[in-house]
Amino acid sequence: MLRVHFTAEDLARVRVASGPDFLWEISNSVQTLQRRDGARVFGEWRRWARPRLSDSCRLLSPLLPPHGCSPDFLTPTHGAGETLHAAVDTLVRTPRMRLRTDLTRVAASRRLPGWTESLARGDVAALRQLGHALHTYHLEALAPFWPRIHAQIDADRIIRLHSLLDGGTDGLLAGLGPQLRWRQPVLEVDYPVEQDLRLDGRGLTLQPSFFCWPTPVTLADGELPPVLVYPIDHAMDWTHPTPPDRPADDGALGPLIGHTRAAVLKAVRTGASTVELARLLAVTHPAISQHVKVLRAAGLVTTVRRAGRSLHVATAEGRALLHSSGS
């Protein structure tokens, strides 16, 4: 079990990350790719991704096994920016002491390949090779689905916002899921090892993750900026990968013309249920369902289901369309 200890100051400094973290999703997905459980959620993606991976991606598996600890430097918490390029650039500039400390800790529990000795010394060529493997892996395994992964995490953030509005920080922490139990001032987390994380006024970043599986995860070094990565609920169609920079088929946007559908898209910018939309727009439930179906097919809305309730949320592409139209 992981126990996260809060002070009053920490409760005022809890935040939910603004979107998916590239390196956490890479790390979690490499681990998930090697597992056999979770087939209902990840089975189709595993079958799709495995034959597409280049040899360079195999560098990641020894550092990110399906079970056991991984180096903290693979998921830097500061300076990573909002792009994959910025995140990898931060990683390859990891100080030598951090590299050595992390890899020594990992090597104490399992044997690492010989090339990691160069990595531990801060060898520039080894770091660049690792950076190239991260870029390649993301391109081959994650990029085709990244818009939908982003949309799923956006939807989770809306759920957390509703929890915060309804119950404050207590409501936010208590609503994170069955694997996390808020017993003030301690958040108990299902975890494969015994660990205590004392925040000591530093606050906590909650990082929703699509590929985090099956339990939440945190950094091994409690002195690093505290982060807790937790699994989101999944509702994913893996059958139609989207080419990078093409979030939706242009032909799917044709049916979007119409005031009601535009009003639905605007209303779900911060999340709304079918019942709430029907009440707000004075439209029948079946009509709302049909409008949402068209918006979802165009990649402008995603729907998440939690505790028997469906919540519709505008995707990044949906919000961009609203912004471009001045809505």
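The coordinates are above.
Model, not experiment: these values are computed from the prediction. Each chain carries its own residue numbering, running from 1 in the written order of its sequence. Side-chain atom pairs in this predicted model are given and counted only at pLDDT of 80 or more, local residue features only at pLDDT of at least 70, and totals for whole chains, interfaces and linings cover all residues. Neither water nor hydrogens contribute to the side-chain values; these are computed over all heavy atoms in the structure.

**Digging into the pairing of strand β3 (residues 180-183)**
Residues Leu180 and Trp182 point to one face of β3 and are all buried, whereas Arg181 and Arg183, pointing to the other face, are not buried. Think of it this way: DSSP has to see at least two bridges between two strands before they count as a pair. Strands are runs of DSSP state E lasting at least two residues, helices are runs of H or I lasting at least four, and both sets are numbered from the N terminus onward. The pairing of β3 with strand β4 (residues 186-189) spans 4 bridges and is classified as antiparallel. The residue bridging Arg181 from the neighbouring strand is Glu188, located in β4. Burial classification: accessible surface area is computed with a 1.4 Å probe over protein chains only, and a residue below 20% of its type maximum counts as buried, one above 50% as exposed, and the rest as partly exposed.

**As for unusual backbone geometry**
Between Gln184 and the following residue, Pro185, the backbone shows a cis peptide bond with an omega angle of 10°. Considering the arrangement of structural elements, one finds Pro185 in the loop between β3 and β4. A cis geometry characterises the amide bond from Trp213 onward to Pro214, with omega recorded as -5°. Among the structural elements, Pro214 can be located in the loop between β6 (204-209) and β7 (217-218).

**What to know about the sheet that holds strand β5 (residues 195-198)**
Taken together, the 4 strands give an open sheet; going across it, the order is β3-β4-β1-β5, and neighbouring strands pair in mixed fashion. For this open sheet the edge positions go to β3 and β5, each flanked by a neighbour on one side alone. Here the strands of the sheet are splayed against their neighbours by 20° on average, with no regard to which way each runs. Pairing between strand β1 (residues 2-5) and β5: 4 bridges, direction parallel. Across the sheet, Val4 pairs through a bridge with Leu197, a residue of β5. Only the stretch in contact is used when fitting a helix axis, every axis being a line fitted to C-alpha atoms; angles between N-to-C directions are given from 0 to 180 degrees.

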